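For reference, the chains in residue letters:
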Amino acid sequence: MCSLSFATNRLLLSLFCYRPRVKRCGEVRSVLSVFFRIQAGASLLAVRPRDRPRWLLACYERWRPALGTRLCRHLGALRAIHQKGVNLTDVAVEDGQEFAQMGSSLADAWQVRSSCESGRVVALQCSACGQRPAPGGRVVGGMDAAPGRWPWQVSVRHGSRHRCGGSVLAPRWIVTAAHCVHSYRRRSASGWMVHAGITHGSAKQEAGVPVERVISHPLYNDNSLDYDIALMKLQVPLNFSDAISALCLLPSHQDLLPGTPCWVSGWGYTRPDQAQLTETLKEALVPLIGTQRCNSSCMYAGELTARMLCAGYPQGKIDACQGDSGGPLVCQDELAWRLVGIVSWGRGCAEPNRPGVYTNVAQLLPWIYRVTEIH
Ligand code: ARG
């Protein structure tokens, strides 16, 4: 499996394509133009124009830090950790290796060169995310989660009580639902604690990490639950380990098809009629349901906004429930586990034609990037 960090000996760290946006009659179209990858070891950035068979190393001339940030976000990482120009004399370059000099934009017009004018190539490291150690919820109809399966899952507590789930995005950043923190908005952030790396013990007293600030989306609507997302900045960073790690986000413009198998996890109620949190973290497989279908008269009849998505089963029986809110809905692709949704609401739990409704994280990426960058 690939990782987005330096610490791997795999050859291919990451491979993705950059899709420039072409506006046509008001719609956004994606056109595939250049592939990028970060090579293991020295983390050199390589480029492959669509019409060429070979990977070219990216020359450092014309490079700007903002480009590294953009590329890392296209990979689904929160940010670029390191980027620099590396002297060609300091890296092992294969015979016949060619190079690419950036054109007018990241997406196209890269020019093929036999060497780089600056004598340097780009090395780029993105923040690590989306990997879990072991191979491989209020979740109704779910199963116990083995330790290490959802290392990004946290319990968000006020006082010592579990209020909601949440997900790790970076050592100091947790994402949860705005409705979890709304009624506490006038209280100090330090009343909140985040407990990471646990599978057992929603009620137990493990040491948690105190929260420094809570930032809800400014457009959060407590009636419609539109924009149901909040970020928590921790007072001290989490120690990443096999038990604690960050999720990736979606690359921009990645379309997820209805039926995509995704997972929800949490300590919420396991029976809609019993108001009790579980001791053990639960997980459940919940396929995505297309918004058109979920918003149709037999399901939520127009209640969903563009910031919401549905996952679950038309027949019910398996779903998130009270206490799971704020927790992750994750889907895996060839590269990583990615945060696709945040447990938000539902009519009852696990009822037929009332699937779980999740915050549509893909719609809120610019806000996540902005908040985590400025705070
Ligand atoms: N609002 C609930 C909470 O605060 C989560 C509800 C999810 N409901 C569902 N049917 N999926 O925990």
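In what follows, the structure referred to is the one given above.
What comes next is a walk through the structure. (Residues numbered from 1 in each chain as written. Predicted model: local features only at pLDDT ≥ 70, side-chain atom pairs only at ≥ 80, totals over all residues. Heavy atoms only, no water.)

Moving on, we come to the overall build of the protein chain. A tally of helices and strands in the protein chain yields 4 helices and 25 strands. Across the 375 residues that make up the protein chain, the buried fraction comes to 55%. Here the protein chain has roughly 16800 Å² of accessible surface; of this, 49% comes from carbon and sulfur atoms. (Helix = DSSP H or I, 4+ residues; strand = E, 2+ residues; numbered from the N terminus. Buried < 20%, exposed > 50% of the residue type's maximum accessible area, 1.4 Å probe, protein only. Areas by Shrake-Rupley, 256 points an atom, 1.4 Å probe, with all protein chains shown as cover.)

A word on helix α4 (residues 365-374). Given 3.6 residues per turn, any residue in an α-helix points the same way as the ones three and four places further on. Taken residue by residue, α4 has L365, W367, I368, Y369, V371 and T372 as its buried positions. Buried residues along α4 sit against α1 (65-75), β14 (161-170), β15 (173-176), β17 (209-216) and β18 (230-234). (Contact = heavy atoms within 4.5 Å.)

Among the 6 residues that make up strand β13 (residues 153-158), 6 are buried, leaving the element largely enclosed by the rest of the structure. Covered by surrounding structure in β13 are Q153, S155 and R157 together with V154, V156 and H158, the residues of both alternating faces. Strand direction decides the pairing type here: β13 and β14, joined by 6 bridges, are antiparallel. Paired with H158 across the strands is R161, a residue of β14. Across 5 bridges, the pairing between β13 and strand β16 (residues 192-196) is antiparallel. Its bridge partner being in β16, V154 is matched across the sheet by A196. (Pairing = 2+ DSSP bridges.)

Bringing the nonpolar core into the picture now. With 86 residues, the main nonpolar core has W110, L169, I174, L249 and I368 as its most contacted residues. Ranked by residues supplied to this core, first place goes to α4 with 5 residues. The next biggest cluster of nonpolar side chains, apart from the first, holds 16 residues, and it includes A311, C331, V340 and V343. (Core = buried A, V, L, I, M, F, W, Y, C linked by side-chain atoms within 4.5 Å.)

For the structure shown, the criterion picks out 7 aromatic pairs. Pairing W150 with W152 gives two aromatic rings, centres 6.2 Å apart and planes at 65°, and the pair type is edge-to-face. Comparing W150 with W152 shows no difference in burial state: the two are buried. Aromatic side chains Y300 and W345 sit 4.9 Å apart centroid to centroid with 65° between the ring planes, which places their arrangement in the edge-to-face category. One end of the pair, Y300, is in the loop between α3 (291-294) and β21 (308-311); the other, W345, is in strand β24 (residues 337-345), and 45 residues separate them in sequence. (Phe/Tyr/Trp six-rings, centres within 6.5 Å; stacked < 30°, edge-to-face > 60°.)

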